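Topology and contacts: notes
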Amino acid sequence: MAAVNTSILIVEDEPSIVQLLTFTLKEGGWNALSVSSAEEAWESIQRRMPQLLLLDWMLPDQTGLRLLSRIRSDRMLQELPVIMLTAKGMEEDKIAGLDTGADDYITKPFSPRELTSRIKALLRRKSPEHAQSTLTCGPVVLDPVSCATSVNGEKIDIGHAEFKLLKFLLAHPARVFSRGQLLDKVWGTHVVIEERTVDVHVLRLRKALGEAAGLIKTVRSVGYMLSEK
Ligand code: CA
């Protein structure tokens, strides 16, 4: 199965740092994309929304801060997790970044390990389905890095769409989602699929889960939720 598409966009103009960031992200199990200017970053985000942005402060065309404020004033992008990369000792930069809406910052030179744990923490906080940590509910265990799912310790066969759906539901247990919300959250807002399609995938997911099928609850006239009770 293809890796689950958690993409992180790197906005940085220093090639050696881009290289280190790309390597670190891939090691962490994420897809890494990189651009070297604010304008390219904006275009890239419009084309395909990443799940997180690593944003350098000093870019050739404008400051990362300016791009950040543009991002935060766009209704579609208000929730996009952003980590700013700042130079050592620039305390005021950090404060300005956080004031403008950065979720976190990391100081250059950074340790790849620290970066990985900051990204995980931020994704866990803002979009748990992208954190790449193991998700469980009752007998179901899903490992986002190896893309393996098991029920009572037995590995199960599961399609890509069902895997994404299960991952999302495991990350948000005991919460009801409408079909439209699931389409947006699991398939992305740029994908045109009918809401009925969600039902088909839920059906397949339940079948794949076998004895654990009951974890996926239908909430009448609302949608679906994952719950042990
Ligand atoms: Ca730079």
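Residues numbered from 1 in each chain as written. Predicted model: local features only at pLDDT ≥ 70, side-chain atom pairs only at ≥ 80, totals over all residues. Heavy atoms only, no water.

**Observations regarding the sheet that holds strand β3 (residues 52-56)**
Definition in use: Two strands pair if DSSP finds at least two bridges between them. We count a stretch as a helix when DSSP gives it H or I for four or more residues in a row; a strand needs E for two or more, and each element gets its number in order from the N terminus. Simply put, an axis is a line fit to the C-alpha atoms, just over the touching stretch for a helix, and the angle between two N-to-C directions goes from 0 to 180 degrees.
The strand order across the open sheet formed by five strands is β2-β1-β3-β4-β5, and the pairing between neighbours is parallel. A single partner strand is all that each edge strand has here, and the edge strands are β2 (31-35) and β5 (104-108). Within this sheet the neighbouring strands show an average axis-to-axis angle of 20°, counted without direction. Sheet topology places β3 next to strand β4 (residues 82-87); four bridges connect them, and they run parallel. Counted as the bridge partner of Leu55 is Met84 from β4.

**A short note on the domain arrangement of the protein chain**
How big an interface is tends to be expressed through the accessible area that disappears when the partners come together. Put simply, the rule is: The domain limits used here are those given by an automatic or database domain assignment. A contact between two residues is defined here by any heavy atoms of the two lying within 4.5 Å. By buried area we mean how much accessible surface two parts lose on assembly, using a 1.4 Å probe and totalling the loss over both. Think of a salt bridge as a Lys or Arg side-chain nitrogen and an Asp or Glu carboxyl oxygen that are within 4 Å of each other.
Here the domain parsing of the protein chain yields domain 1 (7-130) and domain 2 (135-226). Taking only C-alpha atoms, the centre of domain 1 and the centre of domain 2 are 29 Å apart. Every contact between the two is made by five residues of domain 1 and, on the other side, six residues of domain 2. Summed over both sides, the interface between domain 1 and domain 2 buries roughly 520 Å², with carbon and sulfur atoms accounting for 59% of that surface. At the boundary of domain 1 and domain 2, one finds zero salt bridges.

**Observations concerning the packing of aromatic side chains**
Convention followed: Note on aromatic pairs: the rings of Phe, Tyr and Trp (six-membered ring only in Trp) are paired at centre separations within 6.5 Å, and the planes decide the class, stacked below 30 degrees, edge-to-face beyond 60, tilted for the rest. The classification of residues rests on relative accessible area computed with a 1.4 Å probe and restricted to protein chains. Under 20% of the type maximum is buried, over 50% is exposed, and intermediate values are partly exposed. Should the NZ of a Lys or the CZ of an Arg lie within 6 Å of a ring centre and within 35 degrees of the ring normal, that charge is described as sitting over the ring.
Evaluation of the coordinates by the stated rule reveals one aromatic pair. With centroids separated by 4.8 Å and ring planes inclined at 65°, the aromatic side chains of Phe168 and Phe177 adopt a geometry described as edge-to-face. Phe168 gets classed as buried once you look at its relative accessible area, which sits at 3%. Using a relative accessible area of 2% as the deciding quantity, one classes Phe177 as buried. Above the plane of the ring of Trp42 lies Arg70, whose end atom (NZ or CZ) is 4.0 Å from the centre.

**Some details on the sheet that holds strand β7 (residues 140-143)**
What links the strands of a sheet is backbone hydrogen bonding, and the strands pair in either a parallel or an antiparallel sense. Reading across from one edge, β6-β7-β8-β9 is the order of the four strands in this open sheet, with antiparallel pairing throughout. Every interior strand has two partners, whereas the edge strands, β6 (135-137) and β9 (154-155), have only one. With four bridges joining them, β7 and strand β8 (residues 148-151) adopt antiparallel strand pairing. Residue pairing for β8: Leu142 is matched across the bridge by Thr149. Sheet contacts for helix α6 (residues 160-171): β6, β7 and β8; angle to β7, the most-contacted strand, approximately 110°.

**Remarks on the pairing of β2**
Relative to β2, strand β1 (residues 7-11) runs parallel, the two being bridged by five bridges. Opposite Ile10, over in β2, you have Ser34 as the bridge partner.

**Details of the coordination of the calcium ion**
Under the convention used in this document: Metal coordination here is assigned from N, O and S atoms located within 2.8 Å of the ion, or within 3.2 Å for Na, K and Ca; omission of water means that sites may look incomplete.
Protein coordination of the calcium ion is provided by Asp13 (OD), Asp56 (OD) and Met58 (O), with donor distances spanning 2.1 to 2.3 Å. Donor residues binding the calcium ion come from one chain and are separated in sequence as D-x42-D-x1-M. Look at Met58 and you get exposed, because its relative accessible area is 56%.

**Regarding a negative patch on the surface**
Operational definition: Within the patch definition used here, like charges are joined within 9 Å and nonpolar side chains (Val, Leu, Ile, Met, Phe, Trp, Tyr) within 5 Å, considering only residues with over 30% relative accessible area and no salt bridge. Residue-level accessible areas treat just the shown protein chains as cover; the underlying method is Shrake-Rupley with a 1.4 Å probe. Charge convention: Lys and Arg are scored as positive, Asp and Glu as negative, and His as well as the terminal groups of each chain are ignored. To locate a charge, the coordinates of NZ of Lys, CZ of Arg, CG of Asp or CD of Glu are taken.
A cluster of like negative charges, contributed by Asp13, Glu14, Glu40, Glu43 and Asp61, occupies part of the molecular surface. Relative to the assigned elements, Asp61 resides in the loop between β3 and α3 (64-72). Since its relative accessible area comes to 40%, Asp61 is described here as partly exposed.

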